[in-house]
Each structure stands twice: as structure tokens, then as C-alpha cells.
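# Breakdown of the fold
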Amino acid sequence: MKYTMDEKKRLAIVYCTHADQESEEQQKKLKDFIAACRAKKIFVCVFESGDGDLLENTKELLVYNYQNAVTRTSKSRSRDDGAR
């Protein structure tokens, strides 16, 4: 597990391998680290190794986020129109 901390930006980044994800000891350390960061009001971003194709998963995520952004924008506009 690799930790990167930027206290000035109040950001901690953690990179977990598959072995880290499967190790109870490493997961306990991660939970303790996150709790300590929360106490200091430091945002923690955890990156975990995956099994899927990075390009395909990224495409799917972008499409999903785009579709939800469009849906939220449409609903927001329809509410604004109904309030008039």
C-alpha cells in the first residue's frame, strides 16, 4: 500500500494492490489511516487495483456520468418551468 499526503491541500491518496485489498491487516491499517485523516479533516482518496479493462471501464464511467448529468439538467429545467 502506498500513501501520499499533502497537508497543505488537505488531501491523502492511497494506492492499494490486489494483495492489499485481500489482507485483513492492510485493510485495518487503511481504516485507521482514514479515521486519523478524518479527525484532521483531510480528504482521503483510495485507488484500488481492478480486474477489468481500464479503457472500457473508463468509457463506461464517462457515458454513465454524462447520461446522469443530462438527466439531472433536464429534471432541473422541468422543475424551473413548472414553478413559473
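Residues numbered from 1 in each chain as written. Predicted model: local features only at pLDDT ≥ 70, side-chain atom pairs only at ≥ 80, totals over all residues. Heavy atoms only, no water.

## Re the sheet that holds strand β3 (residues 43–48)
Put simply, the rule reads: Note: two strands are recorded as paired if DSSP finds a minimum of 2 bridges between them. For the purposes of this entry, the term helix denotes a DSSP run of H or I that reaches at least four residues, the term strand denotes a run of E that reaches at least two, and both are numbered from the N terminus. Here an axis means a line fitted to C-alpha atoms, over the contact stretch when the element is a helix, while the angle between two N-to-C directions is reported on a 0 to 180 degree scale.
Read across the open sheet, the three strands follow the order β1-β2-β3; overall the sheet is mixed. The sheet terminates laterally at β1 (2–6) and β3, the two strands that pair on one side only. Here the average twist between neighbouring strands, direction ignored, is 15 degrees. With six bridges connecting them, strand β2 (residues 11–16) and β3 associate as parallel partners. Opposite I13, over in β3, you have C45 as the bridge partner.

## Overview of the pattern of salt bridges
Test applied: Salt bridges are defined by distance alone: a side-chain nitrogen of Lys or Arg within 4 Å of a carboxyl oxygen of Asp or Glu. Think of it in three bands: with a 1.4 Å probe and only protein chains considered, a residue is buried below 20% of the maximum accessible area for its type, exposed above 50%, and partly exposed in between.
Evaluated as defined, the whole model comprises three salt bridges. D32 is paired through a salt bridge with K28; the nearest N and O atoms lie 3.1 Å apart. A residue pair is termed a helical-turn pair when its members lie 3 or 4 positions apart in one helix, as D32 and K28 do in helix α2 (residues 24–39) at four residues. In this structure, K59 and E56 form a salt bridge, with 3.7 Å as the shortest nitrogen-oxygen distance. Taken together, the residues span about one helical turn, with K59 and E56 both in helix α3 (residues 54–82) at a distance of three residues. The exposure class assigned to K59 is partly exposed, which follows from its relative accessible area of 43%.

## Digging into the environment of S23
Put simply, the test is: Polar contacts here mean pairs of N or O atoms no more than 3.5 Å apart (in protein, one a potential hydrogen donor and the other a potential acceptor; neighbouring residues in sequence count only if both atoms are side-chain atoms).
Looking at the secondary structure, you find S23 in the loop between α1 (18–22) and α2. Take S23: its relative accessible area is 24%, and that puts it in the partly exposed class. Looking at S23, its side chain comes within polar contact range of the main-chain nitrogen of Q26, at 3.1 Å.

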